[in-house]
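# A closer look at the structure
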Amino acid sequence: MAYTLNKKDKNENKILKEEDMLFDIFSLNNLESDSVRLSASTIIELFEDTGYNLNDVRKNKLVKPVALTLLPQEIKMIESVKKRKEFFIQIILPLVIQENNNIKLDRRTLFKIINKSNNSNSEKQWLDKKYKQYGIKSKDLSTLKIRMDVIPVSLAIAQAAKETGWGTSRFAQEGNALFGQWTWSGEGLKPKNAEKGEDHKVMKFNILQASVRAYQRNLNTHSTYKAFRKARAEFRDSNRLLDSMELSKYLNKYAETGNQYVEVLQKIIEQNKLQDFDDAKLLPSSVDLESLI
């Protein structure tokens, strides 16, 4: 499980405010407090009615924008392991792509600002907001450029699958926690097997989308994942596509099992051919998004 943003890190000279870094996540979370949990059969019917299936996505690279707010409780009752995994991927895929799209749009705005000699007041205000969101006290543009970037879809799905047991875990079902992030001050669920003296909880969310956004913010800001961000930036600098198999090697600190955790992620990515979804786009497709870095 991952450490969240508000845990004090010995390598950090300045303590960042969690409410500043997670403001947009808290706001998103508060928008949906009375979400309706659809049954697995209803969701499957919805997918069929909209023509949303993974075989088509692998071929056409287009994903139907079906944004579910909660996981169905019956997902653990789907006997076929293959069908259960595909069902979970169908639910998570649009959410991950949507959050990546949000980052791509922000990244495009950032590059416009970087390439200008003078910035307007609104641009400066936008930068101040993003510095807070990405935990950059120094207000350094180069650091913001490195942190404000997407997480490969295949990597995000693999981590969600691992952390939730393909959507069946208590944390996923009761708290929409797809990535097992820890919190020491926010709302969360106490692990049943927590040892005496451990005061952390697993972050709880009202909707799945908030969990995905918090996960991306975690990888993009926490000092534990600095090497991950550096490796991703090197891919960018050499104009290479982000490779989830390579980048997963830098997530050995995400779980206590270290390199074994990386091996599990890589196996999930390979066995389920998740890299097929890395270049998938969310319908309705946007010409603007296709040109984003």
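Residues numbered from 1 in each chain as written. Predicted model: local features only at pLDDT ≥ 70, side-chain atom pairs only at ≥ 80, totals over all residues. Heavy atoms only, no water.

## Section: the overall build of the protein
- Check the secondary structure of the protein and you find 14 helices and five strands.
- Considering the protein as a whole, with its 293 residues, one finds that 47% of them fall into the buried category.
- Taking the contacts inside the protein whose residues are at least 6 apart along the sequence as the reference set, 69% of them involve residues at least 24 apart.
- If you sum the accessible surface of the protein, you get close to 15,100 Å²; carbon and sulfur atoms cover 47% of it. (Helix = DSSP H or I, 4+ residues; strand = E, 2+ residues; numbered from the N terminus. Buried < 20%, exposed > 50% of the residue type's maximum accessible area, 1.4 Å probe, protein only. Contact = heavy atoms within 4.5 Å. Areas by Shrake-Rupley, 256 points an atom, 1.4 Å probe, with all protein chains shown as cover.)

## Concerning helix 6 (residues 121-133)
- Spanning 13 residues, helix 6 covers 18 Å between terminal C-alpha atoms, matching the ideal 18 Å at 1.5 Å per step.
- Residues E123, W126, L127, K130, Y131 and Q133 constitute the buried set of helix 6. Down the axis of helix 6, the smallest arc covering the buried residues is 160 degrees, so these residues share one side. Counted as exposed and oriented over 90 degrees from the buried face of helix 6: N121 and Q125.
- Once helix 6 finishes, G135 follows within two positions and takes phi at roughly 65 degrees, a positive value. (Expected span 1.5 Å × (residues − 1). Arc of directions from axis to C-beta.)

## Quick notes on helix 5 (residues 81-114)
- Between its terminal C-alpha atoms helix 5 stretches 48 Å, which fits the 50 Å expected from 34 residues at 1.5 Å a residue.
- Taking the largest bend as the criterion, helix 5 deviates by roughly 30 degrees, centred on I92, and proline P94 comes between one and four positions later. (Bend = angle between axes of the 7 residues up to and from the residue.)

## Describing a nonpolar patch on the surface
- On the surface, V36, L38 and L46 cluster together into a nonpolar patch covering about 240 Å² of accessible area.
- In this fold, L46 is placed in helix 3 (residues 40-49).
- What makes L46 partly exposed here is its relative accessible area of 32%. (Patch = residues over 30% accessible without salt bridge, like charges linked within 9 Å, V, L, I, M, F, W, Y side chains within 5 Å. Salt bridge = Lys/Arg side-chain N within 4 Å of Asp/Glu carboxyl O.)

## Looking at the side chain of Q90
- Tracing the backbone through its elements, the reader meets Q90 in helix 5.
- With residues near it in sequence (within four places) discarded, Q90 still touches F47, Y52, N53 and L54.

## Side note on the nonpolar core
- Grouped together as the largest cluster of nonpolar side chains are 66 residues, with contacts concentrated most on F88, L93 and L178.
- The biggest single contributor to this core is helix 5, with 12 residues.
- Beyond its immediate sequence surroundings of up to four residues, L93 is in contact with Y52, L54, V57, V63, V153, I157 and F277.
- M203, F205, I207 and A210 belong to the second-largest nonpolar core, a separate cluster that totals eight residues. (Core = buried A, V, L, I, M, F, W, Y, C linked by side-chain atoms within 4.5 Å.)

## A word on the confidence of the model for the protein
- Per-chain confidence: the protein averages 87 in pLDDT, with 82% of residues scoring 70 or above.
- In the predicted structure, residues 1-15 sits below a pLDDT of 50 and forms 43 contacts with residues beyond four places in sequence or in another chain. (pLDDT = per-residue confidence, 0-100.)

## Quick look at the packing of helix 5 against helix 8 (residues 153-164)
- It is at 10 Å that the axes of helix 5 and helix 8 come closest, and there the two elements cross at 130 degrees. In terms of axis orientation, helix 5 runs oblique to helix 8. Crossing geometry of helix 5 relative to helix 8 is assigned as right-handed. Along the contact surface, helix 5 presents F88, I89, I92, L93, V96, I97 and N100, while helix 8 presents V153, A156, I157, A160, A161 and T164.
- Residues belonging to the contact of helix 5 with helix 8 are distributed by class as follows: 11 nonpolar, two polar and no charged. (Axes fitted to C-alpha atoms, helices over the stretch in contact; angles between N-to-C directions. Parallel < 35°, antiparallel > 145°, perpendicular 65-115°, else oblique. Left-handed = near helix turned anticlockwise from the far one by under 90°. Nonpolar A, V, L, I, M, F, W, Y, C, P; charged D, E, K, R; others polar.)

## Let's talk about the packing of aromatic side chains
- In total, this model carries six aromatic pairs according to the counting rule given.
- Between F88 and W166, the ring centres sit 5.7 Å apart and the planes meet at 80 degrees, which makes this aromatic pair edge-to-face. A residue pair is termed long-range when its members are at least 10 positions apart, and F88 in helix 5 and W166 in the loop between helix 8 and helix 9 (170-175) qualify at 78 residues.
- Geometrically, the ring pair formed by F179 and Y215 is stacked, given 3.8 Å between the ring centres and 10 degrees between the ring planes. Within this pair, whereas F179 is found in the loop between helix 9 and strand 2 (182-183), its partner Y215 is found in helix 10 (residues 208-221), the two being separated by 36 residues in sequence.
- Within the aromatic cluster, the residues linked to one another by ring pairs are F47, Y52 and F87. (Phe/Tyr/Trp six-rings, centres within 6.5 Å; stacked < 30°, edge-to-face > 60°.)

## Overview of the environment of S244
- On the secondary structure map, S244 appears in helix 12 (residues 244-247).
- Excluding residues that lie within four positions of it along the chain, S244 makes contacts with P152, S154, L155, I269, Q275 and D278.
- At 2.7 Å, the side chain of S244 forms a polar contact with the side chain of S154. (Polar contact = N/O pair within 3.5 Å; in protein donor to acceptor, adjacent residues only side chain to side chain.)

## Re unusual backbone geometry
- One non-glycine residue, K139, lies in positive phi territory at about 55 degrees.
- Checked against the element boundaries, K139 lands in the loop between helix 6 and helix 7 (141-147).
- Residue class for K139 comes out partly exposed when judged on its relative accessible area of 48%.
- If you check the backbone angles, N239 has positive phi at about 55 degrees while not being a glycine.
- You can see N239 is positioned in the loop between helix 11 (226-237) and helix 12.

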